[in-house]
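Examination of the molecular architecture
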Amino acid sequence: RRGWTGTRAALARSTPMNRMLIGDVGSGKTVLALLAAVAAHAAGRTTAVLAPTEILAEQHLHSFARLGGALGLRTALLTGSTPAGDRRRLERWLEDGALHVVVGTHALLSESVELPRLALAVIDEQHRFGVEQRRALARKAGTPHLLAMSATPIPRSLALTVFGDLEHSVLRE
């Protein structure tokens, strides 16, 4: 299955989604992740978007806030440079369910960050994170849906070898 169709079907199953989304820059990966976050929000749950750099996290924040704000999603940024007071406030909002999407860097993996309502973990440029880092994010909520995104083409045979447990979708347009 391709793109949103496969992702939507996977989100509807009772078992957690474990999907890789591959597409060129500008192909719509972020929009698809936003749609999945809207589905998580509709279920009363939150989404975490993990990016490898602050610049990319800020880009995702901008996209999610601009597009998701019109859909009622409240989004915030958590990085290593987030001031302590803002960080504590953001952590309270996550605990209370007042925040629907948290976008961040490795700071999301910190032990002090709890994501009790996490339904969806989106990991951008997933190849820049190790297996343990992906697991650390998933453990914050038990078994959330996982959507890993990459603009790096991965041959199907290699993807099956390395990521055999992941379903995958390719955005071609």
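Look above for the structure.
Treat the numbers as computed from the prediction; the structure is a model and nothing was measured.

Scoring rules and cut-offs
Residues numbered from 1 in each chain as written. Predicted model: local features only at pLDDT ≥ 70, side-chain atom pairs only at ≥ 80, totals over all residues. Heavy atoms only, no water. Core = buried A, V, L, I, M, F, W, Y, C linked by side-chain atoms within 4.5 Å. Buried < 20%, exposed > 50% of the residue type's maximum accessible area, 1.4 Å probe, protein only. Helix = DSSP H or I, 4+ residues; strand = E, 2+ residues; numbered from the N terminus. Contact = heavy atoms within 4.5 Å. Polar contact = N/O pair within 3.5 Å; in protein donor to acceptor, adjacent residues only side chain to side chain. Expected span 1.5 Å × (residues − 1). Arc of directions from axis to C-beta. Pairing = 2+ DSSP bridges. Patch = residues over 30% accessible without salt bridge, like charges linked within 9 Å, V, L, I, M, F, W, Y side chains within 5 Å. Areas by Shrake-Rupley, 256 points an atom, 1.4 Å probe, with all protein chains shown as cover. Salt bridge = Lys/Arg side-chain N within 4 Å of Asp/Glu carboxyl O.

**Describing the nonpolar core**
Most often, soluble globular proteins keep nonpolar side chains buried together rather than apart. Core analysis: the largest hydrophobic core is formed by 21 residues, its most contacted members being Phe 64, Val 101, Leu 120, Val 122 and Leu 147. Listing elements by their share of this core, those giving two or more residues are helix 2 (29-42), helix 3 (54-69), strand 4 (101-104), strand 5 (118-124) and strand 6 (145-150). Ranked by residue count, the leading element in this core is helix 2, at six residues. Ignoring sequence-local partners within four residues, the contact set of Phe 64 consists of Thr 30, Ala 33, Leu 34, Ala 37, Val 49, Gly 69, Thr 75 and Val 101.

**Remarks on the side chain of Thr 79**
Positionally, Thr 79 belongs in the loop between strand 3 (75-78) and helix 4 (84-96). Within polar-contact distance, the side chain of Thr 79 engages the side chain of Ser 81 at 3.1 Å.

**Description of helix 4**
Over its 13 residues, helix 4 runs 18 Å from end to end, which matches the ideal 18 Å to within 8%, given 1.5 Å per residue. Residues of helix 4 that are buried include every one of Arg 87, Leu 90, Glu 91 and Leu 94, and no others. All buried residues of helix 4 project into a common sector of 100 degrees when viewed along the axis, lining one side. Turned more than 90 degrees from where helix 4 packs its buried face, Arg 88 and Asp 96 sit exposed. On its buried face, helix 4 is in contact with strand 3 and strand 4. In the segment just after helix 4, Gly 97 is the residue with positive phi, at about 85 degrees.

**Comments concerning the pairing of strand 2 (residues 46-50)**
Burial of strand 2 is extensive: five of the five residues sit out of reach of the surface. Residues of strand 2 alternate between two faces, with Thr 46, Ala 48 and Leu 50 on one and Thr 47 and Val 49 on the opposite face, all of them buried. Strand direction decides the pairing type here: strand 2 and strand 5, joined by five bridges, are parallel. Across the sheet, residue Ala 48 finds its bridge partner in strand 5, namely Ala 121. Where strand 2 and strand 4 come together, four bridges link them in parallel fashion. Paired with Leu 50 across the strands is Gly 104, a residue of strand 4.

**What to know about a nonpolar patch on the surface**
A cluster of nonpolar side chains, namely Val 31, Leu 35 and Leu 67, defines an oily patch on the protein surface of about 210 Å² accessible area. Note on placement: Val 31 falls in helix 2. Taking relative accessible area as the criterion, Val 31 reaches 43% and is therefore assigned partly exposed.

**A word on the side chain of His 60**
Relative to the assigned elements, His 60 resides in helix 3. Judged by relative accessible area, His 60 falls into the buried class, the value being 4%. A distance of 2.6 Å separates polar atoms of two side chains, one belonging to His 60 and the other to Asp 124. The residues contacting His 60, other than those within four sequence positions of it, are Thr 30, Val 49, Ala 51, Val 103, Asp 124 and Met 149.

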